[in-house]
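Listed here are the chains, written in short residue letters.
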Amino acid sequence: MGGASAEREVSLMSGTGVLAALRSRGVDAHPFDPTERDLSALKAEGFARCFVTLHGRFGEDGTVQGALELLGIPYTGPGVMASAIAVDKVMTKRLWQADSLPVPRYVRLAPDRHSADQLHAVPGVLGLPLIVKPPREGSSIGVTKVREAGALGTAVALAARYDPDVLCEEFIDGEEYTCPVLGTGAEAHALPVVRIVAPGGLYDYQNKYFTDDVRYDCPSGLPAAEEVELQRLALAAYRTLGCRGWSRADFMVRASDRQPFLIEMNTSPGMTSHSLVPMSARAAGIGYEELCLRILATASLDYAAAVRHSHAVQA
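Computed from a prediction, not measured in an experiment: that's the story for all the values here.

### Quick notes on the pattern of salt bridges
Consideration 1: Counted by the stated rule, this structure contains 24 salt bridges.
Consideration 2: Residues D88 and R136 are paired through a salt bridge, measuring 3.2 Å at the closest nitrogen-oxygen approach. In this pair, D88 sits in the loop between helix 4 (80–86) and helix 5 (89–98) while R136 sits in the loop between strand 2 (130–133) and strand 3 (144–146), placing the two residues 48 residues apart along the sequence.
Consideration 3: By relative accessible area, which is 11% here, D88 ends up buried.
Consideration 4: Here R232 and E229 are joined by a salt bridge, their closest N and O atoms 2.9 Å apart.

Encoded structure:
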């Protein structure tokens with residue numbers, strides 16, 4: 001918990017909740033902040049498993065996952081490759097497109113493509129309004145809805161404070177939904193869909209974590225066929241990225257034709273009092289403490305089998 005990303009504060013909130021839940025069920029659990037202690041202490045002190053509640057860079061991007069692989073300590077959530085891809089919204093979209101999964105149209109602005117002429121071309125491709133965001137941040141940090149072309153430069157500059165690349169995305173006028181997935185391989189399954197209704201349609205960092213102004217509907221209120229379709233897409237998106245353990249897919253459903261679009265995959269979702277995975281799990285009859293235990297039970301290593309084989313050969 002904690003870590004060095006822009007989402008540190010939220011990670012501490014998630015970690016505190018999970019820690020209390022695990023301890024309440026008899027797990028010998030301890031907090032560990034990698035900004036305060038070297039990860040090697042995990043092995044030196046004999047920890048058996050890690051429940052990852054780090055969010056964003058240096059925790060949700062494959063870096064900590066890679067370190068835990070080297071240490072041989074099983075951890076929750078997707079492995080190195082899936083984490084590294086999913087944290088990058090552009091790479092995620094490319095993979096989803098390759099599997100014919102629906103994503104909004106987008107333009108990636110590399111660090112050398114922020115000139116006035118290059119920015120001027122973006123609305124011609126995506127239309128207005130459009131969304132500007134840093135592709136490797138979460139929790140809506142650095143995100144702007146651009147309603148007129150003249151505001152694009154300021155939005156790109158804000159996003160570039162968090163990421164040298166900037167993602168410009170077609171604005172989907174409709175409703176926002178999210179769908180968690182639990183499990184691995186053939187056992188992976190989607191939980192109930194949650195509808196998110198934010199004041200003024202602004203589901204930003206403040207509204208996500210520090211106000212009670214957002215309404216969450218679970219059951220979602222969707223027609224059964226639409227709920228099933230979002231669950232199908234969430235599971236397909238999860239498998240395309242190679243996720244395991246748990247993750248949460250975010251969607252927009254266009255109001256004009258009810259077409260769903262995948263927005264992103266969260267591979268270490270929030271576990272705070274405002275978080276959506278616990279809410280969805282509760283609707284499926286899974287309490288917070290039980291959810292934490294189930295996720296902990298999925299802790300694993302990408303390369304455990306390969307390591308065992310290597311040791312056998314060396315012997």
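That covers the picture; the talk isn't over yet.
### Quick word on the sheet that holds strand 1 (residues 106–109)
Consideration 1: Pairing in this open sheet of four strands is antiparallel, and the strands run 1-4-2-3 from one edge to the other. Each having just a single partner strand, strand 1 and strand 3 make up the two edges of the open sheet. Taken over all neighbouring pairs, the strand axes of this sheet differ in orientation by 20 degrees on average, direction set aside.
Consideration 2: Direction of pairing for strand 1 relative to strand 4 (residues 166–170): antiparallel, over a ladder of four bridges. From the neighbouring strand, R108 faces strand 4, where its bridge partner is L167.
Consideration 3: On the sheet, helix 5 packs against strand 1, strand 2 and strand 4 and is oriented at approximately 140 degrees with respect to strand 1.
Consideration 4: Lying on the sheet, helix 7 (residues 152–160) is in contact with strand 1, strand 2, strand 3 and strand 4; it crosses strand 2 at an angle near 30 degrees.

### Side note on the pairing of strand 10 (residues 260–266)
Consideration 1: The buried fraction of strand 10 is high, at seven of seven residues.
Consideration 2: Strand direction decides the pairing type here: strand 9 (residues 246–254) and strand 10, joined by six bridges, are antiparallel. Residue pairing across strands places F251 opposite L262, the latter belonging to strand 10.
Consideration 3: Connecting strand 9 to the antiparallel partner strand 10 that follows it, the hairpin turn spans five residues, and R258 within it adopts a positive phi of roughly 65 degrees.

Rules and cut-offs
- Residues numbered from 1 in each chain as written.
- Predicted model: local features only at pLDDT ≥ 70, side-chain atom pairs only at ≥ 80, totals over all residues.
- Heavy atoms only, no water.
- Salt bridge = Lys/Arg side-chain N within 4 Å of Asp/Glu carboxyl O.
- Helix = DSSP H or I, 4+ residues; strand = E, 2+ residues; numbered from the N terminus.
- Buried < 20%, exposed > 50% of the residue type's maximum accessible area, 1.4 Å probe, protein only.
- Pairing = 2+ DSSP bridges.
- Axes fitted to C-alpha atoms, helices over the stretch in contact; angles between N-to-C directions.
- Contact = heavy atoms within 4.5 Å.

On their own, these measurements won't tell you what the molecule is for.
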